[in-house]
Amino acid sequence: MTRRVVVTGVGLVTPLGTGNDISWHNIIAGKSGISRITRFDAEGAGMASTIAGEVPDFNVDDFINRKDARKMDTFIQYGVAAAQMALEQSGFEACEDNAERFGVIIGSGIGGLPSIERTMRAYEKNGPRKISPFFIPMTIINMISGWVSMLNGAKGPNMATVTACATGTHAIGDAFEIIARGDADAMLAGGAEACICELGIGGFCAARALSTRNDEPEKASSPWDAKRDGFVMGEGAGVLMLESLESAQGRDATILAEVVGYGMSGDAHHITAPAPEGEGGARCMRAALDSAGMKPEEVDYINAHGTSTPAGDIGETQAIKSVFGDHAKKIMISSTKSMIGHLLGAAGSVEAAFSVLAIRDGIAPPTINLDDPDPECDLDYVPHKARKAGINVALSNSFGFGGTNATIIVKKYQ
């Protein structure tokens with residue numbers, strides 16, 4: 001059994017704001033959400049990178065009662081908030097008749113690292129009695145889905161994906177397939193991340209993965225630019241409400257887009273570096289096109305993984321050329337990471353949400369900071385300014401550490 005799957009709700013928490021409207025407005029405006037880290041003294045700690053994309057305006061009381069919030073690490077709070085926004089926009093309500101057909105898949109790349117860090121310090125100072133009884137459930141990744149299900153009565157499939165930077169995309173793809181094969185009628189799916197802390201920033205600094213353009217925070221995330229020197233850490237969450245077409249039509253819901261394809265692949269190459277010439281990413285995109293039953297020429301827009309790393313950006317460009325051939329030059333491609341940084345496990349779902357909104361509004365987000373294009377990155381990356389254009393089909397890529405790749409294809413609903 002294969003059923004059509006549509007998007008009826010979006011929820012966003014990003015470094016550009018909490019809520020769909022503010023995040024999307026600032027993306028289209030080409031605004032950067034990158035600034036100096038305020039969560040801790042990164043410069044005093046001797047961190048090589050002292051910049052990040054922190055969520056500026058999150059008020060947990062708007063989404064979760066204070067008693068429950070104290071049992072959650074920040075990444076769970078972000079995920080719950082994004083899910084609540086997606087559910088509210090969809091207008092879906094769980095009841096006795098549909099609860100067992102309503103599920104949740106929301107993951108994270110790293111999970112509750114700040115709480116782990118704080119708890120270890122408390123333990124070292126005062127011993128095991130200072131470990132909270134909520135320590136484990138406030139840090140483990142599947143508790144986003146657990147909390148969302150409890151708060152909303154979702155009794156269907158409940159799980160979490162954990163695939164580094166591909167987490168959010170895999171969550172949406174897995175939920176898409178669960179609905180398509182008839183195992184659920186509605187799924188909240190996405191990713192959340194909040195690891196801007198000493199261990200998080202310090203670990204990526206040690207791996208030499210982060211940009212060190214600390215004197216120019218807003219310019220530091222510069223995908224495809226010749227001067228790019230690494231990604232900028234971001235935080236937040238993105239969640240989509242997916243439904244079978246029958247479910248959405250039965251409620252007379254507003255349909256934002258249709259999910260039509262999902263691809264996965266493994267590089268089998270290196271723990272952090274992409275496979276030569278982006279071979280793994282290319283196979284992933286081909287798999288998504290096959291899943292959708294589409295030809296490469298049908299794709300109008302790609303929200304690229306585009307992390308601003310020297311090797312990654314070239315590899316993705318090569319992969320796109322390999323898959324799309326001559327059509328690659330005609331596709332609008334943008335990296336919204338140029339504005340919000342890399343949200344790790346939340347990146348793919350946030351970018352899938354932006355792809356849905358690009359289709360809805362007929363506008364391709366820009367890639368900012370593309371001032372001096374790398375000669376090896378020579379496609380149409382929509383530099384500097386958003387572009388009004390009819391977008392019928394959008395593809396979103398996510399490639400993670402360990403060589404795990406995911407691609408989602410969304411289409412204008414007809």
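Just so it is clear, the model here is predicted, and its values are computed rather than measured. (Residues numbered from 1 in each chain as written. Predicted model: local features only at pLDDT ≥ 70, side-chain atom pairs only at ≥ 80, totals over all residues. Heavy atoms only, no water.)

J.: Explain unusual backbone geometry to me, using residue names and the numbers behind them.
T.: With the exception of glycine, the majority of residues adopt a negative phi angle, and the majority of peptide bonds are in the trans configuration. Despite not being glycine, Ala268 shows a phi value in the positive range, around 50 degrees. Here Ala268 lies in the loop between strand S9 (257–266) and helix H10 (279–292). Under the relative-accessibility criterion, Ala268 is labelled exposed at 84%. (Helix = DSSP H or I, 4+ residues; strand = E, 2+ residues; numbered from the N terminus. Buried < 20%, exposed > 50% of the residue type's maximum accessible area, 1.4 Å probe, protein only.)

J.: Tell me what's going on with the environment of Asp57, and back it up with residues and numbers.
T.: Relative to the assigned elements, Asp57 resides in the loop between strand S4 (51–52) and helix H2 (66–69). Residue classification places Asp57 among the partly exposed residues on the basis of a relative accessible area of 36%. Along the backbone, Asp57 and Ser334 are 277 residues apart, and their C-alpha atoms lie at a distance of 26 Å. Not counting residues up to four positions away in its chain, the partners in contact with Asp57 are Gly17, Thr18 and Ile22. Within the local environment of Asp57, its side chain forms a polar contact with the side chain of Thr18, the two groups lying 2.9 Å apart. (Contact = heavy atoms within 4.5 Å. Polar contact = N/O pair within 3.5 Å; in protein donor to acceptor, adjacent residues only side chain to side chain.)

J.: Break down the state of the cysteines for me, citing the residues and quoting the values.
T.: Summed over the entire model, instances satisfying the criterion amount to zero disulfides. Of all cysteine sulfurs in the structure, the one in Cys197 sits closest to Cys195, which takes part in no disulfide; the separation is 6.3 Å. The buried category is assigned to Cys195, whose relative accessible area is 0%. (Disulfide = S-S within 2.5 Å.)

J.: Give me the pattern of salt bridges: which residues, what numbers.
T.: Summed over the entire model, instances satisfying the criterion amount to 19 salt bridges. When the shortest N-O distance is used, the salt bridge between Asp61 and Arg66 registers 2.6 Å. Of the charged contacts, one joins Asp371 and Lys219 as a salt bridge, the two residues approaching to 3.3 Å between their closest N and O atoms. Here the residue Asp371 occupies a position in the loop between strand S12 (363–364) and strand S13 (387–388), and Lys219 occupies one in the loop between helix H8 (198–206) and strand S8 (236–244), the gap between them amounting to 152 residues. Accessibility expressed as a relative area gives 33% for Lys219, which makes it partly exposed. One continuous salt-bridge network, built from bridges that share partners, spans Arg3, Arg101 and Asp185. (Salt bridge = Lys/Arg side-chain N within 4 Å of Asp/Glu carboxyl O.)

J.: How would you sum up the pairing of strand S15 (residues 404–411)? Please name residues and give values.
T.: When you tally the buried positions in S15, you get seven out of eight residues, the bulk of the element. Pairing geometry for strand S14 (residues 393–400) and S15, over eight bridges, is antiparallel. By the bridge assignment for S15, Phe399 is matched with Asn405. Remark: three residues form the turn of the hairpin made by S14 and S15, two consecutive strands paired antiparallel; Gly402 in that turn has positive phi of roughly 85 degrees. (Pairing = 2+ DSSP bridges.)

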